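Structural features, examined
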Amino acid sequence: MTLVSVSFLIFLAAAVLVYYLTPQKGQWIVLLLASLVFYWLCSKGFLIFLLLFAGIIYVFARSFETGKKKLLVLLEVAILIVLLIVLKYAGWFGDGFVRFLSTISFQKPLSFVAPLGISYVLLTGIGYSVDVFRGTVTAEKNFLKVLSFLSFFPAITQGPINRFSDLSGQLMEGHRFSYEALVFGIQRMLWGFVKKLVIAGRLNVVMLELTGSWQGSKYSGAYVVLTVAICSLNIFMDFSGCMDIVIGAAEIFGIRLPENFDHPYLARSMPEFWRKWHITLGEWLRDYVMFSFTMSAPAKKMNKSLKGKVGRKTAAALVSIIGVLFVWLVFGLWHGISGTFLLAAAYYALLIIGGIVIEEPVKRFRSKYPQFTESKGFQIFRTVRTYFLGIPGAYLMLMPQVKSGLQFLATIFTRPAAQFVVKITEGEGAGTFLLGLDIYDFTVLILSLILWLVVTTLHRKKDVRIRLSNIHIVPRWAILLAVVIAVVLFGFYGDLNAGSFIYQGY
Amino acid sequence: MKKLGKAVLFCLILAVLLAFLNRILMPDTTFQADTEKIGDEVDYMVVGTSNVFYCVNPTVIWNEAGYTGYDLSLEQAPLIITYYQLKAELKKVKPETVFLDCAAFEYNYGIASMNQLALDKMPLSMDKLRLIKALGEDDKDHHIAEENKYSKINYLLPLHKFHDRWKEIFGGTLKSRYHEKYENTFAGYVATKDHFVYQNPHKWLPTMEEFGASFETNITDLNREYFEKIQALCAEHDVELILIKTPSKGWLLETHKNMKQFAEEEGLEFLDMNEETVIEALAIDEQVDFCDSSSHFNIYGTEKISRYLAEWMQTHQDYADKRVQGTGTNAYWNFLYADYLAFKNAED
């Protein structure tokens with residue numbers, strides 16, 4: 001069951017119905033049961049690993065109440081990471097181990113994949129444990145409530161990464177049925193379906209066409225640049241579309257989840273880009289990795305010893321750079337133990353470190369030429385520059401192997417370009433194709449991208465859903481019906497494959 | 001309450017729009033017999049696969065013997081589908097005999113895209129849900145269930161499968177590839193003048209070795225189970241069940257023997273038109289009578305098979321010759337036969 005399947009919609013409708021028919025006091029139990037059933041339907045016996053993770057997180061968090069035990073936190077993190085590696089890379093430990101895991105989780109060995117959302121459970125769980133350790137939240141005494149927080153079904157597949165302090169209260173307090181929450185939630189989900197099924201589904205086809213399904217592409221030259229841009233747009237539409245569905249589904253239950261995207265393509269610097277792209281991961285890395293590192297005894301010691309040698313500012317910058325490297329190493333490894341993710345992480349780390357290095361000269365330049373640096377033209381330049389600096393990272397993350405990905409990039413200089421328009425005159429696949437899409441799908445892609453631009457621009461100033469609710473019922477219904485019909489007709493589902501959600505694999 | 005009323009109205013409008021889209025985008029596969037016009041005077045029904053809807057022409061049988069009947073077969077329909085189809089049909093019509101196409105025994109769970117054709121025609125009912133569930137139950141390798149994951153939803157909501165056909169509005173081909181294929185049909189018989197010549201034809205009833213392919217010739221447990229259900233269904237409705245196999249170059253000697261033994265065990269009549277005596281009587285011309293290489297015949301081959309079948313019915317069954325009765329049914333069948341002749345004699 002994926003978030004864009006009919007079965008998910010039926011499941012969600014049933015869960016919402018039972019949720020609001022239950023007295024508020026017991027609603028969290030309904031959500032917990034729904035989450036466990038959802039997990040079972042998606043991953044069968046892997047539920048046992050979810051319970052195991054939750055059990056470990058619960059026990060350790062309770063143990064922190066008796067005093068600050070730093071070693072215990074490290075032990076917990078180590079256990080969870082080892083378990084994650086064992087489950088995500090079971091193949092490394094031999095066929096027998098895979099068979100064992102398959103048997104206990106009622107899966108066929110051939111189709112063995114890591115338990116659903118286990119990476120997100122890990123991050124959410126570590127965040128909760130560290131918060132308890134730091135004393136910012138109190139350890140929950142009821143195991144089922146911890147389980148409910150960790151397994152909340154809309155968010156378990158791809159996040160956002162929730163904080164106990166934000167989500168737990170909302171889960172436990174229960175909610176009265178709100179027509180507005182229902183309508184707004186459905187509308188948000190609908191927009192997610194547009195992004196994933198209508199736009200990302202087609203972008204995926206274009207990306208695979210341009211990259212030759214990563215088996216050897218006939219495209220080169222300027223198309224490589226286009227591919228890099230398409231990869232970035234594809235990952236954005238896919239992931240932010242998923243977030244719209246997740247946040248919308250939670251909203252129907254009266255639960256507000258944190259946003260994960262905030263117009264990242266309008267960012268004017270790389271740090272700002274990362275405050276707008278996968279926001280909850282960025283904040284998690286900042287609070288639990290960067291903060292833990294900079295506040296650690298070794299980092300403080302290093303800062304102190306460097307101060308005398310290179311000065312206060314440079315010492316702080318050097319410690320920050322080491323922290324950034326550490327953060328991006330965690331970022332790369334969390335996505336997967338692969339050269340492509342490490343390369344992407346190194347690329348982003350390099351950009352951020354570059355920013356730190358040139359921070360002082362830039363400040364001086366700004367103060368010297370304030371009129372120029374604050375002009376609209378310069379701000380646009382910064383946005384465009386950040387966009388072009390940011391997009392190769394997405395490409396690096398999506399390429400299956402470092403070698404083939406870089407070889408493809410190199411063709412920009414080595415081979416002539418393929419045709420933008422390809423005409424096939426004979427056979428079942430006859431037709432005119434633009435970047436792998438037939439003329440109809442290509443038109444839908446362009447129109448839907450224009451629609452996305454319009455809606456996004458409008459939404460920046462005021463929530464589009466509020467705008468919609470303020471207009472007359474006839475045009476409002478006409479717009480909503482048109483969007484639903486557009487998703488039904490133009491969506492990549494059924495026999496058309498929109499591809500799995502990219503972030504579901506991490 | 002007012003808001004809830006609005007929400008219900010919105011959902012209703014949406015449902016109507018989706019139903020409309022479902023209707024215009026679902027392929028047109030209405031090639032089956034018009035049972036309302038045929039009425040309830042039905043002597044026989046032929047159920048199974050394309051092997052029979054390309055090989056049994058009810059209008060020729062009418063012209064030869066005055067017997068009424070029709071084909072209720074679908075492309076590559078497995079016995080599971082045949083069972084549920086027959087179950088629904090026998091609620092409306094009571095024929096004297098059901099001829100069950102033995103080619104259906106070659107399929108287990110069928111092919112999703114072909115099964116879809118059968119499911120699309122069935123109105124929503126408990127039996128349809130049972131059929132969808134049955135198609136999802138799997139062989140031991142689970143290959144088909146995986147392929148059917150999408151199909152289960154497709155079977156219930158055809159728009160889920162066919163939504164992408166909006167493009168065909170622009171191409172003018174919305175009526176589907178099936179429409180052209182099934183353009184000339186007569187009481188469920190799909191007539192074609194297509195012509196296929198075998199370059200190196202096998203002999204009739206070749207052995208597996210001679211045929212040069214390896215596949216299962218025994219009756220599977222699944223097919224046995226659904227055959228028994230069909231048998232029980234026919235017994236319940238007091239309808240005689242006869243096994244039939246139309247001429248086919250892919251029908252092996254081993255399969256023939258297994259089926260013959262099976263029919264004897266079940267005490268059933270088995271008419272295998274691949275046996276030497278029948279093939280001689282049919283006088284099939286391999287240069288003229290086939291329409292493709294899949295055991296399907298064009299109108300010339302089918303006429304031979306249908307005439308033989310009419311003669312076989314005259315000697316083995318007690319159907320009344322309705323040509324002499326002069327009823328309303330009679331007029332319809334005469335019209336249908338004339339229609340067929342018009343197609344046959346029309347210049348291409």
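Note that this is a predicted model, so its numbers are computed, not measured. (Residues numbered from 1 in each chain as written. Chains lettered and ligands numbered in written order. Predicted model: local features only at pLDDT ≥ 70, side-chain atom pairs only at ≥ 80, totals over all residues. Heavy atoms only, no water.)

Glancing now at the overall build of chain A. Counting its secondary structure elements, chain A contains 23 helices and three strands. For chain A, buried positions account for 52% of its 506 residues. Considering only residue pairs separated by 6 or more positions, chain A has 75% of its internal contacts joining residues 24 or more positions apart. If you sum the accessible surface of chain A, you get close to 23,700 Å²; carbon and sulfur atoms cover 67% of it. (Helix = DSSP H or I, 4+ residues; strand = E, 2+ residues; numbered from the N terminus. Buried < 20%, exposed > 50% of the residue type's maximum accessible area, 1.4 Å probe, protein only. Contact = heavy atoms within 4.5 Å. Areas by Shrake-Rupley, 256 points an atom, 1.4 Å probe, with all protein chains shown as cover.)

For the rest of this paragraph, the subject is the pairing of strand E2 (residues 69-73) of chain B. A regular strand places its side chains so that they alternate between the two faces of the sheet. Most of E2 of chain B sits inside the fold, with five of its five residues counted as buried. Going residue by residue along E2 of chain B, you find Gly69, Asp71 and Ser73 of chain B tucked away on one face and Tyr70 and Leu72 of chain B tucked away on the opposite face as well.

Before going further, it helps to spend a moment on the packing of aromatic side chains. Centre distance and the angle of the planes are the two values used to describe a pair of aromatic rings. Residue and element names in this part refer to chain A. Enumeration according to the criterion identifies 61 aromatic pairs over all chains in this entry. An angle of 75° between the planes, with centres 5.0 Å apart, marks the rings of Trp274 and Trp328 as edge-to-face. With a gap of 54 residues between them, Trp274 in helix H12 (residues 270-276) and Trp328 in helix H15 (residues 312-335) connect regions that are remote in the sequence. Classification of Trp274 as buried rests on a relative accessible area of 10%. On the accessibility criterion, Trp328 (8% relative accessible area) is buried. Ring geometry for Phe378 against Phe381: centres 5.7 Å apart, planes inclined by 35°, an arrangement best described as tilted. In this pair, Phe378 and Phe381 both sit in helix H19 (residues 376-398), three residues apart, roughly one turn of the helix. (Phe/Tyr/Trp six-rings, centres within 6.5 Å; stacked < 30°, edge-to-face > 60°.)

What follows covers the pattern of salt bridges. Working definition: two side chains of opposite charge can pair if their charged atoms are close together. Under the counting rule described, the total for this entry stands at 30 salt bridges over all chains. The salt bridge involving Arg163 of chain A is made with Asp287 of chain A; its shortest N-O contact spans 2.9 Å. In this pair, Arg163 of chain A sits in the loop between helix H8 (153-156) and helix H9 (164-173) while Asp287 of chain A sits in helix H13 (residues 279-294), placing the two residues 124 residues apart along the sequence. Residues Arg307 of chain B and Glu303 of chain B are paired through a salt bridge, measuring 2.8 Å at the closest nitrogen-oxygen approach. With a gap of four residues between them, Arg307 of chain B and Glu303 of chain B both fall in helix H16 (residues 299-316), about one helical turn apart. Under the relative-accessibility criterion, Arg307 of chain B is labelled partly exposed at 35%. (Salt bridge = Lys/Arg side-chain N within 4 Å of Asp/Glu carboxyl O.)

Before going further, it helps to spend a moment on the domain arrangement of chain A. All names here are of chain A. In terms of domains, chain A is made up of domain 1 (6-157), domain 2 (180-258 + 419-505) and domain 3 (265-274 + 289-412). Counting from both sides, the interface comprises 16 residues of domain 1 and, opposite them, 15 residues of domain 2. Buried surface at the junction of domain 1 and domain 2, summed over both partners, amounts to about 1,200 Å²; 76% is from carbon and sulfur atoms. Counting every contact that joins domain 1 to domain 2 gives zero salt bridges. Where domain 1 touches domain 2, the interface holds two residue pairs in polar contact (both at pLDDT 80 or more). Contributions of two or more residues to the side of domain 1 that touches domain 2 are made by helix H1 (6-21) and H8. Sort the elements by how many residues they give to the side of domain 1 that touches domain 2 and H1 lands first, with seven residues. In terms of residue class, the side of domain 1 that touches domain 2 is made up of 14 nonpolar, one polar and one charged. (Domains from an automatic or database assignment. Buried area = accessible area lost by both parts, 1.4 Å probe. Polar contact = N/O pair within 3.5 Å; in protein donor to acceptor, adjacent residues only side chain to side chain. Nonpolar A, V, L, I, M, F, W, Y, C, P; charged D, E, K, R; others polar.)

Attention now goes to the nonpolar core. One recurring pattern in soluble globular proteins: nonpolar side chains tend to sit buried together. Counting 158 residues, the largest nonpolar core has Tyr128, Phe153 and Trp328 of chain A as its most contacted members. For this core, the leading source of residues is helix H11 (residues 222-252) of chain A, giving 19 residues. The residues contacting Phe153 of chain A, other than those within four sequence positions of it, are Phe8, Phe11, Leu12, Ala15, Leu31, Ala34, Ser35, Phe38 and Phe253 of chain A. In terms of nonpolar packing, the next biggest core, distinct from the first, is built from 62 residues, Ile38, Val47, Ala104 and Ala187 of chain B among them. (Core = buried A, V, L, I, M, F, W, Y, C linked by side-chain atoms within 4.5 Å.)

Before going further, it helps to spend a moment on the environment of Gly96 of chain A. Residue position: Gly96 of chain A is located in helix H5 (residues 95-104). Linking Gly96 of chain A and Gln407 of chain A, residues 311 residues apart in sequence, is a C-alpha distance of 36 Å.

With that settled, consider the packing of helix H3 (residues 47-63) of chain A against helix H7 (residues 143-151) of chain A. Residue and element names in this part refer to chain A. Running from N to C, H3 and H7 cross one another at 120°; their axes reach a closest spacing of 10 Å. Accordingly, the angle class assigned to the pair H3 and H7 is oblique. H7 is crossed by H3, and the crossing has right-handed handedness. Residues Leu50, Leu51, Ala54, Gly55, Ile57 and Tyr58 of H3 form the contact with H7, whose participating residues are Phe143, Val146, Leu147, Leu150 and Ser151. Partitioning the contact of H3 with H7 into residue classes produces nine nonpolar, two polar and no charged. (Axes fitted to C-alpha atoms, helices over the stretch in contact; angles between N-to-C directions. Parallel < 35°, antiparallel > 145°, perpendicular 65-115°, else oblique. Left-handed = near helix turned anticlockwise from the far one by under 90°.)

All names here are of chain A. Closest axis-to-axis distance for the helix H6 (residues 118-134)/H13 pair is 11 Å, and the angle between their directions is 45°. On the basis of their axis angle, the class for H6 and H13 is oblique. Crossing handedness for the pair H6 and H13: left-handed. Across from Leu123, Ile126, Gly127, Val130, Asp131 and Arg134 in H6, the residues of H13 making contact are Leu281, Trp284, Asp287, Tyr288, Phe291 and Ser292. Its residues assigned to classes, the contact of H6 with H13 shows seven nonpolar, two polar and three charged.

A word on the side chain of Ser232 of chain A. In this fold, Ser232 of chain A is placed in helix H11. For Ser232 of chain A, the contacting residues outside a window of four places in its chain are Tyr265, Trp277, Ile391 and Ala394 of chain A.

In this complex, chain B contributes 26 residues to the contact, which on the side of chain A involves 23 residues. Taking both partners together, chain B and chain A bury about 2,300 Å²; carbon and sulfur atoms supply 72% of that area. A per-residue breakdown of the area chain B buries against chain A is headed by Phe10, His163 and Trp166 of chain B, which together make up 27% of the total. Counting the contacts that link chain B with chain A gives three salt bridges. With its nearest N and O atoms 2.6 Å apart, the salt bridge here joins Glu180 of chain A to Lys3 of chain B. For the pair chain B and chain A, the number of links is five residue pairs in polar contact (both at pLDDT 80 or more). Where the side of chain B that touches chain A is concerned, the elements lending two or more residues are helix H1 (2-25), helix H8 (143-156), helix H9 (158-162) and helix H10 (167-171) of chain B. Top contributing element to the side of chain B that touches chain A by residue count: H1 of chain B, with eleven residues. A breakdown of the residues in the side of chain B that touches chain A according to their chemical character gives 15 nonpolar, five polar and six charged.

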